[in-house]
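Chain and residue survey
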Amino acid sequence: MEQRILLCDTTLRDGEQAPGVAFGLPEKEMIARALSDAGIDELEVGVPAMGDGEIKTISQLVTLQLPVRLITWNRAVLSDLQASYKTGVEGVAISIPTSDQQIKNKLRKDRAWVLDQMGECVLNAKKEVGYVVLGLEDASRADFTFLAEILAEAQKLGVDRVRFADTVGILEPLKIFFTLQELVKISRVPLEFHAHNDLGMATANSLAAVQAGFKAVSVTVGGLGERAGNASLEEVAVALKYTLQEKVQLDLKRLNSIGLTVSLASNRKIPRAKPIIGEDVFTHTSSIHIDGIQKDFANYQTYPPESVGRGHSTSIGKYSGRKTILRLLKAKGIDLDQETIDELLIKILQQTHKLKRPLEEDDIMGIVVSAC
């Protein structure tokens, strides 16, 4: 496996499992091309076992011959794998429940059955495709000794990568680090972390997994996914580069456009404060911040917005002080006396309270005209 951390995007599979989200072929192709062009390492493109329509859609993605590995998601069931083979994908992910909670209360089986089923499916897949990912569902609630047994068996079977899934999003970064580094010590198979965001820790948990020695991270654009979603591609990618100083192949300048593409395709608005791609995340309103970034962006930003295809902007709000207003007036060639400026500040504050949003330049100029 490459030295860099692999970003394995599952927007077209796990992202599509978000309530109300269903991508048609044109949308899947558009998203796949955007991610591929940006340099994503791997795309999990769907679940062929859903039927002929899904098989046809995935087959169409395969014919695009994108320069990225395409894999499908499968239960540890031979019929699922046979559906995947029809698509022509390079690789398959085979998911097995690993916690006693799911083994006993979902499948009504035991650990021996899981190991047998895993062996049968992996051996079958190795004959048909070039890359096999073994997914450990609900691994965060599984017994460590059973996980170790699975890892040993996976190595014998020739699995290319093992995916540790925090299926219910129950873990936190310290538990991730100390538990997963023990798995790294005993595994000769590269490990991937698949986070869910139920407690808002998917990105932090993904970074902790990398720090523990995991070589791949599963992500979705905008964190799209079931319930509270998955780890966000844009958050993980930027944090890998700027927080952990890891090498990232992905072109970060494309993150904003990719986010907009998925937002449109999923009919889900991007929250204004969404890290990296939200409308407001590089907008400064308070006078202290505006003054600071104009002197040096590093005063209030850890990385330049241009590095992710964005730019700084300012807005006028409750905490925009005299300096901010004077700077705007100067840029417009307007010179007002002190008394008028004081009146202007009061009116700006009143308008901000009234509109409950930052004021645009046109709003400000309207107030200036009325004040004069």
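The structure contained in this document is the topic of the report that follows. (Residues numbered from 1 in each chain as written. Predicted model: local features only at pLDDT ≥ 70, side-chain atom pairs only at ≥ 80, totals over all residues. Heavy atoms only, no water.)

Side note on the packing of helix α3 (residues 78-85) against helix α5 (residues 111-128)
Here α3 crosses α5 at 15 degrees, and the two axes come no closer than 10 Å. Compared by their axis directions, α3 and α5 come out roughly parallel. The way α3 lies across α5 gives a crossing that is right-handed. Here L78, L81 and Y85 of α3 lie close against α5, whose contacting residues are E120, C121, N124, A125 and E128. By residue class, the composition of the contact of α3 with α5 is five nonpolar, one polar and two charged. (Axes fitted to C-alpha atoms, helices over the stretch in contact; angles between N-to-C directions. Helix = DSSP H or I, 4+ residues; strand = E, 2+ residues; numbered from the N terminus. Parallel < 35°, antiparallel > 145°, perpendicular 65-115°, else oblique. Left-handed = near helix turned anticlockwise from the far one by under 90°. Contact = heavy atoms within 4.5 Å. Nonpolar A, V, L, I, M, F, W, Y, C, P; charged D, E, K, R; others polar.)

Details of α5
In this model, α5 (18 residues) spans 26 Å end to end at C-alpha, consistent with the 26 Å of a helix rising 1.5 Å per residue. Of all the positions in α5, only V114, L115, Q117, M118, G119, C121, V122 and A125 are classed as buried. Contact partners of the buried residues in α5: α3, β4 (91-97), α4 (100-105), β5 (131-137) and α6 (144-157). (Expected span 1.5 Å × (residues − 1). Buried < 20%, exposed > 50% of the residue type's maximum accessible area, 1.4 Å probe, protein only.)

Here's the deal with the pairing of strand β7 (residues 191-195)
Most of β7 is tucked away: five of the five residues are buried. Burial of β7 is two-sided: the residues L191, F193 and A195 facing one way and the residues E192 and H194 facing the other way are all buried. Pairing analysis gives five bridges linking strand β6 (residues 161-166) to β7, with the strands arranged parallel. Pairing of A165 across the sheet is with H194, part of β7. This β-α-β element, β6 to helix α7 (residues 173-186) to β7, shows right-handed connectivity. Handedness of the crossover joining β7 and strand β8 (residues 216-219) through helix α8 (residues 202-212) is recorded here as right-handed. (Pairing = 2+ DSSP bridges. Right-handed = clockwise from strand over helix to strand, strands pointing away.)

Focus: the pattern of salt bridges
Summed over all chains, the structure comprises 24 salt bridges. For R111, the salt bridge goes to D143, with nearest N and O atoms at 3.7 Å. Placement of R111 in helix α5 and of D143 in the loop between β5 and α6 is noted, with a sequence separation of 32 residues between them. For R111, a relative accessible area of 30% translates into the label partly exposed. (Salt bridge = Lys/Arg side-chain N within 4 Å of Asp/Glu carboxyl O.)

Some words on the environment of R310
Among the structural elements, R310 can be located in the loop between α11 (287-295) and β10 (313-314). Relative accessible area serves as the criterion here: at 16%, R310 is assigned to the buried category. A C-alpha to C-alpha distance of 9.6 Å links R310 and R254, two positions 56 residues apart in sequence. Excluding its chain neighbours within four sequence positions, the residues that come into contact with R310 are N256, I276, I277, G278, E279, V281, F282 and P305. Only 3.5 Å separates the side chain of R310 from the backbone oxygen of E279, close enough to count as a polar contact. (Polar contact = N/O pair within 3.5 Å; in protein donor to acceptor, adjacent residues only side chain to side chain.)

What to know about the sheet that holds strand β3 (residues 69-75)
Pairing is parallel around the closed barrel formed by eight strands, whose spatial order is β1-β2-β3-β4-β5-β6-β7-β8. Strand-to-strand twist of the sheet, defined as the mean angle between neighbouring strand axes without regard to direction, takes the value 25 degrees. Pairing of β3 with β4, which is carried by five bridges, proceeds in the parallel orientation. Counterpart to W73 in the pairing with β4 is A93. Sheet strands in contact with α7 are β6 and β7, and its direction is about 150 degrees off that of β7. Relative to β7, α8 is tilted by about 170 degrees, and along the sheet it contacts β6, β7 and β8.

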